[in-house]
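An overview of the molecular structure
Here is what each chain is made of, one letter per residue.
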Amino acid sequence: MTPGLLLAWSIATDGLLARAELRADVRAIEAHPLLVDHLVTSAASHAAGQSGGTGLHVAGGCGRRDCVVVVEGLAAAVPLGQAAVEQALTSMPQLGCRERRGMRRAWRGRPFTPGLVLEAALARAVGDPSAAQVDRASERLDLRAPAIALASRRLREGFGSDPVAPAPPPPPRASPTPARTWVDWPGATRVQVAVAWASSGAGEDLVRDATLAGDFESLFVQALREDGGLTYDVEPDQGEGWAAAVFDVAAGDLSAALTSSALVLSVPLDQLPGRLAGAHLRLLARHAAARDSLAGQLAPLPEVPPSPPTALARASVLAWVAVGDPEMAPGAWTRVSRCETVGDRACPGLRMWARAVGARVVASVK
Amino acid sequence: MEFLPPPAAFEVVTELVVTEAGLRVVLAPDPARNEIVAEWVFDVGAADDPLGRPGLAHLAEHLSFGEIAPGAPDYDARLGELGGESHGWTDRERSGLGATVPARDGAFRALLDLESKRWRSLVIDDSAVARQLRVLAAEAGETLDAAHGADRIALDTMLWSSTEPWSRHPQAPVDASWTAAEVRDAWPRLRDPARSVLVLAGPLPELARDEVVASFGSGMTRVAERPPRDCEPAAPQRAWQRGDVGEGAIYAAWPGPPRAHPDRVALEAVARWIGGGRVASGRDCGSIIIERRGDGWRLGEHVSALRRTLSALSLGGLGEPELAALRAVQLTDLARARADLRLRARLLAGCMHATGGTTCLEDEAGAWLALDRADTRKASARWLEWPAVTLLAVVPSRTLLAPPIPGLRLRR
């Protein structure tokens, strides 16, 4: 470890396993995805090389509030991983930055998903301040040098030891006519549709649990099937002040996805007492499990609502956002291009995404 | 390595109940958890599908979540009212179903009731089969959209067309002609209690054993043991094909040991070290399969490197640094099972199928800690014979193979 570099590791152990975390507020490191991504890659390879392989898991990423680097594995081996992370940190300013990776959830490993675009469009549509952050992150050439300097300064001061209190979430902005945004993605063979509703829960949302639990027997998927759609991949998403269900559908199922999402969200949940009670039980259990886990010992947990909400009305829907081929777009939607969505610069990773969706490679859609 | 824990550190308390029908129920109490897990593992996988008609085991997995009586709520709806969540999976060797419910008063009894009644009057009609076939087709579509999905479909299709038993790949396109009558006929074999293990883990009540006996007394119907499967491997083949794929891929496969063979752990280590491969064992036979990706000359390099690696392994086995790394990774995975109730239940069920014993975690940890270079040398010499290797490759149509992949001929 470099003299003068003070790192505030948090460590939890459970029997044979241990977990060590470094945590920092997002705004402390503005180009967080670049740095954390690179840090993890370097540390993981360094740990493997230094120790001859120890089964250590090194991971990291940034959410909307903070960035975290994690070392997890057999308790006696974790210090080796910590040393590797520290080694990577000391050498970071000299290293180049790789292309930004989507820091959203892993989309079950499918790279065709335009996660960054959908995330940016959705955040904008519901008024989430993180939308601006996505724009900034795409301007990676401008931010690289000052970000590294800033991060280095923060690390010298103590990584994560001086957290900035997160701003409270903005109030949800439900409107009588939810925004409908279509992001053009020429050549896409599938469509992703997100329907977002107001949610004051910090990381937990009973409506989401009640409507999405049960995999392909969830309310959303049942409605999708009844409307003739066969694709059953519907996943949750959330941000500050909102939660969402994201439908990943074949082009032919677009209409069914729109219909079913509207239908499900218009059903008062108190008409489904079993599902609501089940969702509440599940949430309580998950919260308790998280509290007892290694990660839960290190991270602050959101509060669990004392009682389930009684209803969710259609008026709570904030926005519909879809990403897909322009030819699939319905008429009454506001159209934007994917490049507008993620900023004014060239579309990041365009060629890779285009190939992954089986699209023709286009130079630009602007 | 000195930081590795002793095998005793992986000990898990279990109790085995065998019902009259032959179903093995493993009770794995863990009062510290706040969830109860029920994990079914059936000794039935894609390898058991009738040759030429893939997808039966996968279809059975989907149908297992159906209605327990005509017009009654389906499994997930009832589980959802307990606050539970479910999952299912099918691989080459086995298939499984799992449920997790919050550990509240009465949760164990309610879950047991749900699981024990699950098979008594499960609805398998034409409508349910047709619906699940459509769902399976949609799943296949997802595979097609995944990275290298088109390549995988092309490879699976080729593998399926061969006569190798290991070609019964879980991702082979499902035969859409399955009917409800055929599935019902096959059901006693697909859900034979003698080939099923149920693990119940978490904070279990004191009388859990009695409740299991009472619930499963007649829960499943035992059927006669099926005859052993013919697993004589066909002659190895070496073929490549140009296809409409984005990137080339090559599969290399060897005949492997059956389940519970003494060489299994050594071969697991060797297969992982060669290229992230795995040993896929059946009760009577098995295989070792590795997959490499690349284009043109790179695939040729893979084949050359493979030959060199196999020669080196059969002569000297794995070196101590490689063994130490693999041992640490494996033991970390086992240690995670202590913290993850669902993973623990699945490992215990697999242990029951593989060895008949319930000391799965200790036994496997002990086997990995005892593994040495001589074990890997003997296992490699016994199983990884180059002439027995089947190679199958698909490369993009535009690829010029100059020089051609050594040892492969163009399939026409």
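Residues numbered from 1 in each chain as written. Chains lettered and ligands numbered in written order. Predicted model: local features only at pLDDT ≥ 70, side-chain atom pairs only at ≥ 80, totals over all residues.

Digging into the overall build of chain B
Basically, it comes down to this: Each helix is a run of DSSP H or I of at least 4 residues and each strand a run of E of at least 2, with the numbering of both proceeding from the N terminus. In this scheme every C-beta is placed from the backbone, and a residue whose C-beta has 20 or more other C-beta atoms within 10 Å is buried, one with 12 or fewer is exposed, and one in between is partly exposed. Here the contact rule is simple: place C-beta atoms from the backbone, and any two residues whose C-beta atoms are within 7 Å are in contact.
Within chain B one finds 13 helices and 12 strands. Per-residue burial for chain B yields a buried fraction of 47% across its 412 residues. Sequence separation of 24 or more characterises 80% of the internal contacts of chain B that already satisfy a separation of 6 or more.

Focus on the sheet that holds strand 5 (residues 179–184) of chain A
Within a sheet, adjacent strands bond to each other through the backbone by hydrogen bonds, running parallel or antiparallel. Residues and elements named next belong to chain A. To keep things clear, this is the line we draw: Whether two strands pair comes down to DSSP finding at least two bridges between them. Lines fitted to C-alpha atoms define the axes here, with helix axes fitted over just the stretch in contact, and angles between the N-to-C directions of these axes take values from 0 to 180 degrees.
Ordered in space as 7-8-6-9-5-10, the 6 strands form an open sheet in which the pairing is mixed. Unpaired on one side and paired on the other, strand 7 (234–239) and strand 10 (334–337) mark the two borders of the sheet. Between one strand axis and the next, the sheet turns through 20° on average, direction left out of account. Pairing geometry for strand 5 and strand 9 (residues 317–324), over 6 bridges, is parallel. Opposite valine 183, over in strand 9, you have valine 323 as the bridge partner. Packed onto the sheet, helix 8 (residues 254–265) meets strand 6 (190–198), strand 8 (242–250) and strand 9 and runs at close to 15° relative to strand 6.

Observations regarding the sheet that holds strand 4 (residues 85–90) of chain B
All names here are of chain B. Within the open sheet, the 6 strands sit side by side as 1-2-6-3-5-4. Their pairing is mixed. Every other strand in the sheet has two partners, leaving strand 1 (15–18) and strand 4 as the edge strands with one partner each. On average, each strand axis in the sheet is inclined to that of its neighbour by 15°, with strand direction left out of account. As judged from the 6 bridges shared by strand 4 and strand 5 (residues 95–102), these two strands associate in the antiparallel manner. Each bridged residue has a counterpart across the sheet, and for histidine 87 the counterpart in strand 5 is glycine 98. The strands that helix 3 (residues 107–116) touches are strand 3 (35–42), strand 5 and strand 6 (196–202); relative to strand 3, the one it contacts most, it runs at about 20°.

A short note on the confidence of the model for chain B
Residue and element names in this part refer to chain B. Defined as follows: Scored from 0 to 100, pLDDT reflects the predictor's confidence in each residue.
Per-residue confidence for chain B gives a mean pLDDT of 82; residues scoring 70 or more make up 83%. Taken element by element, the predicted model of chain B shows its lowest mean pLDDT in helix 5 (residues 149–161) (63) and its highest in strand 3 (96). Predicted complex metrics record ipTM = 0.75 and pTM = 0.77.

Some points on the environment of Pro273(A)
Residues and elements named next belong to chain A. With respect to the helices, strands and loops of the structure, proline 273 is situated in helix 9 (residues 273–292). Residue class for proline 273 comes out exposed when judged on the 11 C-beta atoms lying within 10 Å of it. C-alpha of proline 273 to C-alpha of alanine 210: the two residues are 63 residues apart in sequence and 9.8 Å apart in space.

Considering helix 3 of chain B
Residues and elements named next belong to chain B. In terms of residue burial, helix 3 counts as a mostly covered element, since 7 of its 10 residues are buried. Every buried residue belonging to helix 3 is among Ala107, Phe108, Leu111, Leu112, Leu114, Glu115 and Ser116, and all of these are buried. Along its buried surface, helix 3 packs onto strand 3, helix 2 (75–81), strand 5, strand 6 and helix 7 (208–216).

A few points about the environment of Cys285(B)
Checked against the element boundaries, Cys285(B) lands in the loop between strand 9 (278–281) and strand 10 (286–294). Separated by 251 residues in sequence, Cys285(B) and Asn34(B) have C-alpha atoms that sit 40 Å apart.

Some points on the packing of helix 1 (residues 56–63) of chain B against helix 6 (residues 180–190) of chain B
Residue and element names in this part refer to chain B. Which entries qualify depends on this criterion: Here is the rule for angles: anything less than 35 degrees is roughly parallel, anything more than 145 is roughly antiparallel, 65 through 115 is roughly perpendicular, and the remaining ranges are oblique. Gly is put with the polar residues, along with every residue not named as nonpolar or charged; the nonpolar set is Ala, Val, Leu, Ile, Met, Phe, Trp, Tyr, Cys and Pro, and the charged set is Asp, Glu, Lys and Arg.
Close contact between helix 1 and helix 6 brings their axes to 11 Å; oriented N to C, the two are set at 90°. Considering their axes alone, helix 1 and helix 6 lie roughly perpendicular with respect to each other. Residues Leu56, Ala57, Leu59, Ala60 and Leu63 of helix 1 form the contact with helix 6, whose participating residues are Val183, Ala186 and Leu190. In the contact of helix 1 with helix 6, the residues fall into 8 nonpolar, no polar and no charged.

So, the nonpolar core
Cut-off, in case you're wondering: Think of a nonpolar core as buried Ala, Val, Leu, Ile, Met, Phe, Trp, Tyr and Cys residues, each tied to the set through C-beta atoms within 7 Å.
Counting 124 residues, the largest nonpolar core has Val85(A), Leu111(B), Val199(B), Val270(B), Leu348(B) and Ala393(B) as its most contacted members. Counting residues in each nonpolar core, the second largest holds 51 residues, with Val117(A), Ala125(A), Phe247(A) and Leu254(A) among its members.

As for the environment of Arg344(B)
You can see Arg344(B) is positioned in helix 11 (residues 341–355). Remark: the alpha-carbon pair of Arg344(B) and Glu268(B), spanning 76 residues in sequence, is separated by 20 Å.

With respect to helix 13 (residues 373–383) of chain B
Residue and element names in this part refer to chain B. Defined as follows: Working note: the arc is built from the helix axis to C-beta atom directions.
Along helix 13, the residues classified as buried are Asp375, Thr376, Ala379, Ser380 and Trp383. Projected down its long axis, helix 13 shows its buried positions confined to an angular sector of 125°, all on one face. As for helix 13, its buried residues are in contact with strand 8 (248–256), helix 8 (264–275), strand 10 and helix 9 (297–316).

Quick notes on the packing of helix 10 (residues 320–339) of chain B against helix 12 (residues 360–370) of chain B
When two helices pack together, you describe them by how their axes are tilted relative to each other and by the distance separating the axes. All names here are of chain B. So the rule is basically this: Rotating anticlockwise by less than a right angle from the far helix to the near helix defines a left-handed crossing, while the corresponding clockwise rotation defines a right-handed one.
At their nearest, the axes of helix 10 and helix 12 sit 10 Å apart, and the two run at 165° to each other. In terms of their interaxial angle, helix 10 and helix 12 are classed as roughly antiparallel. Note that helix 10 runs across helix 12; the crossing there is left-handed. For the pair helix 10 and helix 12, the contacting residues are Arg327, Gln330, Leu331, Leu334 and Ala337 in the first and Leu361, Glu364, Ala365, Trp368 and Leu369 in the second. Looking at the contact of helix 10 with helix 12 residue by residue, the class counts come to 7 nonpolar, 1 polar and 2 charged.

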